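Structural features, examined
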Amino acid sequence: MTTVAARLRCLSLGLMLGACSDPPREPTRAEPVPASFVVPPSTPPVADLGSDGELVIDDDPVPSEPSVTLDEPGEGSPQPLAKRKPGTSRRVVVQVRLTTGHKKKLYLPVVRLAGDVVLDEIGDEGSGYRWTPRVSTVLTSGDGADPEFIAGLRAALAPAEPPTPVALALDRWDVATTFGWPADVTDPHVAEIAAAQRLALGHLTIPVPELSMSEGTVWTVNRKVDLFGIPAWQSLRCTVDRVHGDQMELSANVHYFGIEGAPIAGKPLGLDSVAELRGQGKLKARFDLATALPVDAQLRGVLKIRTTEGGKRRRFGFEVRADEEYRATEDPRVTLEGPLVQGALVRGTVAAGTAVRFNNRKVKVSPEGDFIIGFGRDAGPRALLSFAFDGQAPERHILHVADRTFEPEAIDGLPPEMVDLDPKTRRALGKSRRRIKKLRGKSSDTPYFRDGFRWPMKGKITSTYGRKRILNGKEQGFHWGVDLAGPVGRKVRAPAGGVVIFAEGDVPLSGNLVIIDHGHGLTSSFLHLDKIRVEVGDTLAAGDVFATSGNTGRSTGPHLDWRMNLFDTRVDPQTIVSGKP
């Protein structure tokens, strides 16, 4: 192959990111979320399309042929992009959201599909992937959809049992040309969702003009796409935001142009005809270069469509995401223990010297490699976890956090003073909370949490974490612990080792209170105690008796209220203990 020919191959192939010297490889083929699930705002947020969110129809020239053009070389020395390595499997979660009108009414239920993707082959005409659908979820909260319609949609979108691999082919411009799921797309709603999924999967990779890139490199990609069933040109003006080892972050301004005269099958987006299509959007993505798969990618856009010449434009909005599900694939360098759900505490281990960040905050790592992360009651569906192994560039990953339903808890017949606090009690409560918040903000070094946790007392569970408290008919915040019923005087033991950082009586609402520091910002609080048998500074081993249960503070009967915090994040003790108390 001549130098010129090799160069053209790299440009036309546009696949992220094999080396030009690499020959094409041969193929190496050898339950639904509850209806109460609420989709939180997308994270990370993408800039609005305009000050008022409206699409500005401009006079940009319509592309005439596929192309990849280098516009600006960027700053600094170009960094070689990692070679792609066929054969590695990654789980990817694709989510589709379509809206209509200026009020952004949900056009179809939000659909999420998790599947395992393997890059099988790289060739001059494109790439071949194996896509194994695993779980399809239709998120229905608040959209008012008919239950029978949702049930039918779930059935049509459900992967086969057992799941079978299907082909996902990308052409040389990285546009998804075949997508073997779902098998039956005769239903127009299923067909539209499949078209949206295909659009998302068409962004598994982005064509690049060079195999070495600098931060700030700008290039333009013009290619034909299937835009929810409408043939269109897509023009992406891409910018390298950062290259971190085997990962690259990029952003792109995206424009869409309908292809005049192109045949349209069926009724895309429920339209009888399409006379004109213009659109624009924003793409933010982070790619793993070795597998040519996204760590996280979000494409948001707005389309304006005329069904007749000179007619009124109809507005459609869309958001497609393609994120890895990091924990679905074993990483021998990282161990994570604990469920990925709202309110959970997760313990991890990495090699000594590894730097860890969680949602862009530095995480303390012990000399032995121990660390902890936690999810609040209302944690969003995605969290960012990154590692810098052995001084290398940070490697970022996405954790998918499951939603939970927290039933409210009503308690009536309480004395009025237990619900409506007098000014003196409010001032005392505020003062104690500020003291305790300051204590919880410290991060001690010893990872007592390393050896796990046990129940601190025997007793029946009478209340759980995260429940909205309704006292005498008034909402009074949330219950942040797990309550264990037991008589006054029952022994309370340390659930894990730690150091006593607070031990006082008559704390407003809490009564007699002990707080134990388990290391790295993780604390346990024990409320309504009877007798306290420790002092601040005492070191406890798991199982040591430090108090007895009681009925002090705002309490309706003898019990122990066990709460846990990771700094200011309240976590659920039941996510880190097993069995019955």
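The coordinates are above.
Report follows, based on the coordinates. (Residues numbered from 1 in each chain as written. Predicted model: local features only at pLDDT ≥ 70, side-chain atom pairs only at ≥ 80, totals over all residues. Heavy atoms only, no water.)

**A few points about the sheet that holds strand β19 (residues 361–363)**
Let me state the cut-off plainly: Any two strands between which DSSP finds at least two bridges are classified as paired. Helix and strand definitions here come from DSSP, where helices need a minimum of 4 consecutive H or I residues and strands a minimum of 2 consecutive E residues; each element is numbered from the N-terminal end. Lines fitted to C-alpha atoms define the axes, with helix axes restricted to the stretch in contact, and inter-axis angles between N-to-C directions lie between 0 and 180 degrees.
Spatial ordering of the open sheet is given by β19-β18-β21-β22, a layout of four strands whose pairing is antiparallel. If you trace the sheet from one side to the other, it starts and ends with β19 and β22 (395–400), each paired once. Neighbour-to-neighbour, the strand axes of this sheet turn through a mean angle of 30°, independent of strand direction. As defined by bridge partners, strand β21 (residues 382–388) adjoins β22 across six bridges and the pair is classed as antiparallel. Across the sheet, residue L384 finds its bridge partner in β22, namely I398.

**Examining the packing of helix α2 (residues 147–157) against helix α3 (residues 188–201)**
Helix packing for two helices is described by the angle between their axes and how far apart those axes are. The following threshold applies: Note on angle classes: values under 35 degrees are labelled roughly parallel, values over 145 roughly antiparallel, values of 65 to 115 roughly perpendicular, and the remainder oblique. Crossing handedness is defined as follows: a turn of the near helix away from the far one that is anticlockwise and smaller than a right angle gives a left-handed crossing, while the clockwise case is right-handed. Any two residues whose heavy atoms approach within 4.5 Å at even a single point are treated as in contact. Gly is placed with the polar residues, together with every amino acid not listed as nonpolar (Ala, Val, Leu, Ile, Met, Phe, Trp, Tyr, Cys and Pro) or charged (Asp, Glu, Lys and Arg).
The contact between α2 and α3 brings their axes to 10 Å, and the two run at 55°. Relative to α3, the element α2 is oriented oblique. Remark: the crossing between α2 and α3 carries right-handed chirality. Contacts between α2 and α3 involve F149, L153, A156 and L157 on the former and, on the latter, H189, V190 and I193. Per-class residue counts for the contact of α2 with α3 are six nonpolar, one polar and no charged.

**Quick word on α2**
The condition that has to hold: Partly exposed describes any residue whose relative accessible area lies between the buried limit of under 20% and the exposed limit of over 50%, with all areas from a 1.4 Å probe on protein chains only and scaled to the type maximum. This arc describes the spread of directions from the helix axis toward the C-beta atoms.
Residues I150, L153 and L157 constitute the buried set of α2. Burial along α2 is one-sided: seen end-on, the buried residues are contained in an arc of 65°. Relative to its buried face, α2 has exposed residues pointing more than 90 degrees away, namely P147, E148 and A155. Against β5 (110–123), β6 (126–139) and α3 lie the buried residues of α2.

**Side note on unusual backbone geometry**
Following E161, the chain continues into P162 via a peptide bond in cis, with omega recorded as -5°. As for its placement among the helices and strands, P162 is situated in the loop between α2 and β7 (166–171). Backbone geometry at K104 places phi at a positive 55°, although glycine is not the residue there. With respect to the element layout, K104 can be found in the loop between β3 (89–100) and β4 (105–106). Non-glycine residue L269 carries a positive phi angle of around 55°.

**Considerations on the packing of aromatic side chains**
For clarity, the cut-off: Working definition: rings of Phe, Tyr and Trp (its six-membered ring) pair if their centres are within 6.5 Å, and the pair is stacked with planes under 30 degrees apart, edge-to-face with planes over 60 apart, and tilted otherwise.
Summed over all chains, the structure comprises 13 aromatic pairs. Arranged with centres 5.3 Å apart and planes meeting at 65°, the rings of F228 and F318 form a pair that is edge-to-face. Of this pair, F228 sits in the loop between β10 (218–227) and β11 (230–244) while F318 is found in strand β15 (residues 314–324), placing the two residues 90 residues apart along the sequence. According to the relative accessible area criterion, F228 is buried, its value standing at 2%. For F318, a relative accessible area of 4% corresponds to the buried category. Seen from their ring centres, F358 and F375 are 5.6 Å apart, and the 75° between their planes marks the pair as edge-to-face. You can see F358 sitting in strand β18 (residues 355–358) and its partner F375 sitting in the loop between β20 (370–374) and β21, a full 17 residues away along the chain. Note on F358: relative accessible area 11%, which makes it buried.

**Concerning the layout of surface pockets**
The condition is simple: In the cavity and pocket records, a cavity denotes points on a 1 Å grid over the protein atoms alone where a 1.4 Å probe fits but cannot get out, a pocket denotes an open set with protein on both sides within 12 Å along at least 5 of 7 lines, and lining residues are residues with an atom within 4 Å of a point. Grid points are joined across faces, edges and corners, and a volume is the space filled by probe spheres set on the points.
Roughly 1,200 Å³ of internal volume is contained in the largest pocket. Lining of the largest pocket is provided by 45 residues; of these, R433, F478, L509, L527 and R563 occupy positions nearest its centre. Among the elements that make up the lining of the largest pocket, the one with the highest residue count is helix α5 (residues 423–440) (seven residues). Of the residues assigned to the lining of the largest pocket, the class counts are 18 nonpolar, 15 polar and 12 charged.

**Thoughts on the side chain of R286**
Rules: As used in this structure description, the phrase polar contact means that two N or O atoms lie within 3.5 Å; if the pair is within protein, one of them must be able to donate a hydrogen and the other to accept it, and residues adjacent in sequence are counted only when both atoms belong to side chains.
With respect to the secondary-structure elements, R286 resides in strand β13 (residues 276–288). Reaching out from R286, the side chain makes a polar contact with the side chain of D296 at a distance of 2.4 Å. For R286, the residues in contact, after removing those within four places along its chain, are Q247, M248, E249, P294, V295, D296, L384 and R396.

**Overview of the pairing of strand β31 (residues 522–532)**
For β31, the tally of buried residues reaches eight of 11 residues, placing the bulk of the element in the interior. Hairpin connection between strand β30 (residues 511–519) and β31: a loop of two residues separates the two successive antiparallel strands, and H520 in this loop has a positive phi of roughly 60°. By the bridge criterion, six bridges tie β31 to strand β34 (residues 559–566) in an arrangement that is antiparallel. Along β34, the bridge assignment pairs F526 with W562.

**Describing the environment of A393**
When you line up the elements, A393 lands in the loop between β21 and β22. As for A393 and Q247, which are separated by 146 residues in sequence, their C-alpha atoms are 8.9 Å apart. Residues within four places of A393 in sequence aside, it is in contact with H244, G245, F387 and A388.

**Let's talk about the pairing of β6**
Burial analysis of β6 places 11 of its 14 residues in the buried class, the great majority of the element. Both β5 and β6 contribute to a ladder of 13 bridges, which runs antiparallel. The residue of β6 that forms the bridge with A114 is V135. The hairpin turn running from β5 into β6, its antiparallel successor, is two residues long. Judged from the six bridges that link them, β6 and β7 form a sheet pairing that is antiparallel. What sits directly across from G126, in β7, is D171.

**Regarding the sheet that holds β20**
With antiparallel pairing, the three strands of this open sheet are ordered in space as β16-β17-β20. Two strands close off the open sheet at either side, each with one partner strand: β16 (335–337) and β20. Averaged over all pairs of adjacent strands, the angle between their axes in this sheet comes to 25°, without regard to strand direction. Inspection of the sheet shows β16 paired to strand β17 (residues 345–349) by three bridges, in the antiparallel sense. By the bridge assignment for β17, E337 is matched with R347.

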